[in-house]
Amino acid sequence: MRKDIFEKMEILADSAKYDVSCSSSGSDNNYKTGEIGATHKSGICHTFTPDGRCVSLLKVLLTNYCIYDCAYCINRKSNEIKRAAFSPRELADITINFYKRNYIEGLFLSSGIIDSEDHTSTLILRALKILRQEYRFNGYIHVKLIPGSHEKLIEQIVALANRVSSNIELPSDKSLKLLAPNKTKQSVLQPLILARDISMQKSAKPIGMSTQLIVGATPESDKDILKLSSALYDKALLKRVYYSAYIPVNDDKNLPTIITKPPLLREHRLYQADWLLRFYDFSWDEIVNEQTPNLDEELDPKTFWALNNLQYFPMEINKASKDELLRIPGVGVRGVFKILKARRYKSLDFEDLLKLKISLKRAKYFITCKGKYQKELPFESDRIKTALITPSKKIEVKQPSLFDITYSAITGEL
């Protein structure tokens, strides 16, 4: 790879790191090139297939030149940073060469807006056509659609990609007007609406769609964020919403000043609540509402809901329906199926649940077994909450990494 191409790669891979639509970005260490274990942060990220397989992607911008001036973006036109741009041919050649060397299995491609929305989309389309038609590359490609581009360009990009996304970034038009005056919610959603309509045609291939929401840059509550996410899921516009804790990279009078840490725990709780929306049949207004517009950062959202709705508890483990069992804190989908299967043969007690490897750390406060309730605490919201959060206060909260995989992350149990 020529030196100028390598320099472009460093600039454009680094500029892409703030997009969280992949599970993790590259890592860096102090080992020298050529030593075992040496890594470089530029360019490689990871995502996961539906069957749990980890896939390495080249994550890069076509260019970080941009005519937009979004207050929160490192690539805003008013920033004095190193700029670079790949030609469609350069990007396609890099991708295919990385693929042949088994560095990557696919491409995650985004871009700043250079000259105009249509011009940028035309360059992206040329790169995709070189990969798909000239190189016959059939690997995974995720493309960030450019809001405001012509429908014909969007259609052709969707036809060549495996997944597309368009970042809403901020939950309301008011916040977009304040921090991203070149964008509107309608302009950002329009590419996703078009991609959905194309995907729903009988002859079209299904395509996954996603977006990103920045958490903490504007005053919207968790209620506002989850209400928006739920609406997007209901309209079949998205397969996934990614939440990104606001990290200040620019100085701007309209941006909040974060003196302590970015709201990483809030981001984590929103991901957990999003899981309840997608897989546990919760509605957004069950999790948050006018009285409690924000999630409790000390509790996972299912436990937060349960403590606010004690009228449904304690549930008798031997009589509760499948849907009711899914609402018990600490009991996930796999646990529910274990319980339903086991109670065909006998009435279950607490010992039986432990044998089934059902975690009772939280569940025991919300269930009865054969009519018996645990003896540690009375059935009172304040006492239960204190018992649940006291141990967790001894654990320092840090940003999750690829290597901090918890049991709940693997099983989806909340």
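Above this text is the structure in question.
Residues numbered from 1 in each chain as written. Predicted model: local features only at pLDDT ≥ 70, side-chain atom pairs only at ≥ 80, totals over all residues. Heavy atoms only, no water.

Enquirer: Just give me the short version of the packing of helix α4 (residues 151-160) against helix α6 (residues 185-199), but keep the residues and values in it.
Expert: Where α4 contacts α6, the two axes come as close as 10 Å, and the packing angle between them is 55°. Taken together, the axes of α4 and α6 lie oblique to each other. As for how α4 packs across α6, the hand of that crossing is right-handed. Contacts between α4 and α6 pair E151, I154, E155 and V158 from the former with Q190, P191, L194, A195 and I198 from the latter. Residue classes in the contact of α4 with α6 are distributed as six nonpolar, one polar and two charged. (Axes fitted to C-alpha atoms, helices over the stretch in contact; angles between N-to-C directions. Helix = DSSP H or I, 4+ residues; strand = E, 2+ residues; numbered from the N terminus. Parallel < 35°, antiparallel > 145°, perpendicular 65-115°, else oblique. Left-handed = near helix turned anticlockwise from the far one by under 90°. Contact = heavy atoms within 4.5 Å. Nonpolar A, V, L, I, M, F, W, Y, C, P; charged D, E, K, R; others polar.)

Enquirer: Account for the sheet that holds strand β10 (residues 372-373), naming residues and giving values.
Expert: Taking strand neighbours across the sheet as the criterion, the three strands line up as β8-β9-β10 in an open arrangement whose pairing is mixed. Taken across any chain shown, the strands that pair with only one partner, and hence form the sheet edges, are β8 (315-316) and β10. Taken together, the two bridges between β8 and strand β9 (residues 367-369) define a ladder with parallel strand orientation. Counted as the bridge partner of E316 is T368 from β9. (Pairing = 2+ DSSP bridges.)

Enquirer: Go over the nonpolar core with me, naming the residues and quoting the values.
Expert: Soluble globular proteins: nonpolar side chains tend toward being buried together. In terms of nonpolar packing, the biggest core is built from 113 residues, with V60, F86, I287, I317, I328, L353 and F366 touching the most fellow members. Looking at this core, the element that brings in the most residues is helix α3 (residues 117-134), giving seven residues. In this structure, this core is formed jointly by two domains, domain 1 (5-26 + 40-250) and domain 2 (310-389), each of which donates at least three residues. In this view, F86 contacts I5, K8, M9, L12, V60, L61, L62, L91 and I94; residues no more than four positions away in its chain are not counted. (Core = buried A, V, L, I, M, F, W, Y, C linked by side-chain atoms within 4.5 Å. Buried < 20%, exposed > 50% of the residue type's maximum accessible area, 1.4 Å probe, protein only. Domains from an automatic or database assignment.)

On their own, these measurements won't tell you what the molecule is for.
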